[in-house]
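# A look at the structure
What follows is each chain in one-letter form.
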Amino acid sequence: MSIITYNNLLFNKNIADFFNITELANFIYLLPLSVFLFGGVSIFDYWNNRTNMFKNISKGLLTKSAVMSSSQIAVGFSSFNSLGLIPGMLFGNFYNCYF
């Protein structure tokens, strides 16, 4: 994770230019957090599946969907309407790991 963070700090502009996403260059800093949260969700899903705790998987997915949708809608109605999708996804994945 630290390698991704280090590369983001040094090559933020180059990465954004290479992928032609210069308007989203500020969100490249959230990439390591996103990778960490996706990994956490996968680990907990595999563990819950292995130990037959399917109720935990369904509670996590329900919580993820509710938090992600509500945060994206709330930010969409605020003055930061263009910033809602990416942080909403991160909040949803965080709460999926928590539950």
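Here we summarise the structure given alongside this text. Every chain begins its residue count from 1, and numbering advances along the sequence as written. Totals for whole chains, interfaces and linings use all residues, but because this is a predicted model, local features are given only for residues with pLDDT of at least 70 and pairs of side-chain atoms are given and counted only at 80 or more. The side-chain values count all of the structure's non-hydrogen atoms but skip hydrogen atoms and water molecules.

Right, let's talk about the packing of helix α2 (residues 31-50) against helix α4 (residues 85-98) for a bit. Two packed helices can be described by the angle between their axes and the distance between those axes. At a closest axis distance of 9 Å, the pairing of α2 and α4 adopts a crossing angle of 35°. Here α2 and α4 pass one another in a crossing that is left-handed. Along its contact with α2, which presents Leu33, Ser34, Leu37, Phe38, Gly40, Val41 and Phe44, the element α4 presents Met89, Leu90, Asn93, Phe94, Asn96 and Cys97. Residues are grouped as follows: Ala, Val, Leu, Ile, Met, Phe, Trp, Tyr, Cys and Pro are nonpolar; Asp, Glu, Lys and Arg are charged; all remaining types, including Gly, are polar. Tallied by class, the residues present in the contact of α2 with α4 amount to nine nonpolar, four polar and no charged. Axis definition: a line fitted to C-alpha atoms, over the contacting stretch in the case of helices. Angles run 0 to 180 degrees between N-to-C directions. Secondary structure elements follow DSSP: runs of H or I no shorter than four residues count as helices, runs of E no shorter than two count as strands, and numbering proceeds from the N terminus. When the near helix sits turned anticlockwise from the far one by under a right angle, the crossing is termed left-handed; a clockwise turn instead gives a right-handed crossing. Whether two residues are in contact is decided by their heavy atoms, any of which lying within 4.5 Å being enough.

Direction vectors running N to C along α2 and helix α3 (residues 54-77) enclose 150°, while the axes themselves pass 7 Å from each other. In terms of their interaxial angle, α2 and α3 are classed as roughly antiparallel. Packed against α2, whose contacting residues are Asp45, Asn48 and Asn49, the element α3 presents Phe54, Asn56 and Ile57 at the interface. For the contact of α2 with α3, a count of residues per class yields two nonpolar, three polar and one charged. Here the word oblique covers every angle except those under 35 degrees (roughly parallel), over 145 (roughly antiparallel) and from 65 to 115 (roughly perpendicular).

Helix length check: α4, at 14 residues, gives a terminal C-alpha distance of 20 Å against a target of 20 Å (1.5 Å per residue), a fit within 8%. Whether a residue is buried, partly exposed or exposed follows from its accessible area with a 1.4 Å probe, protein chains only, as a fraction of its type maximum: under 20%, in between, or over 50%, in that order. Of the residues making up α4, those classed as buried are Gly88, Leu90, Gly92, Asn93, Asn96 and Cys97. Each element contacted by the buried residues of α4 is listed here: α2 and α3. Multiply 1.5 Å by the residue count of a helix minus one, and that product is the helix's expected span.

What follows deals with the side chain of Asn93. Checked against the element boundaries, Asn93 lands in helix α4. For Asn93, a relative accessible area of 1% gives the class buried. Among residues more than four places away in sequence, those in contact with Asn93 are Leu37, Phe38, Val41 and Lys64.

This part covers the side chain of Asn48. Considering the arrangement of structural elements, one finds Asn48 in helix α2. Residue Asn48 is classed as buried on the basis of its relative accessible area of 11%. Apart from the residues within four sequence positions on either side, Asn48 is in contact with Met53, Phe54, Asn56 and Ile57.

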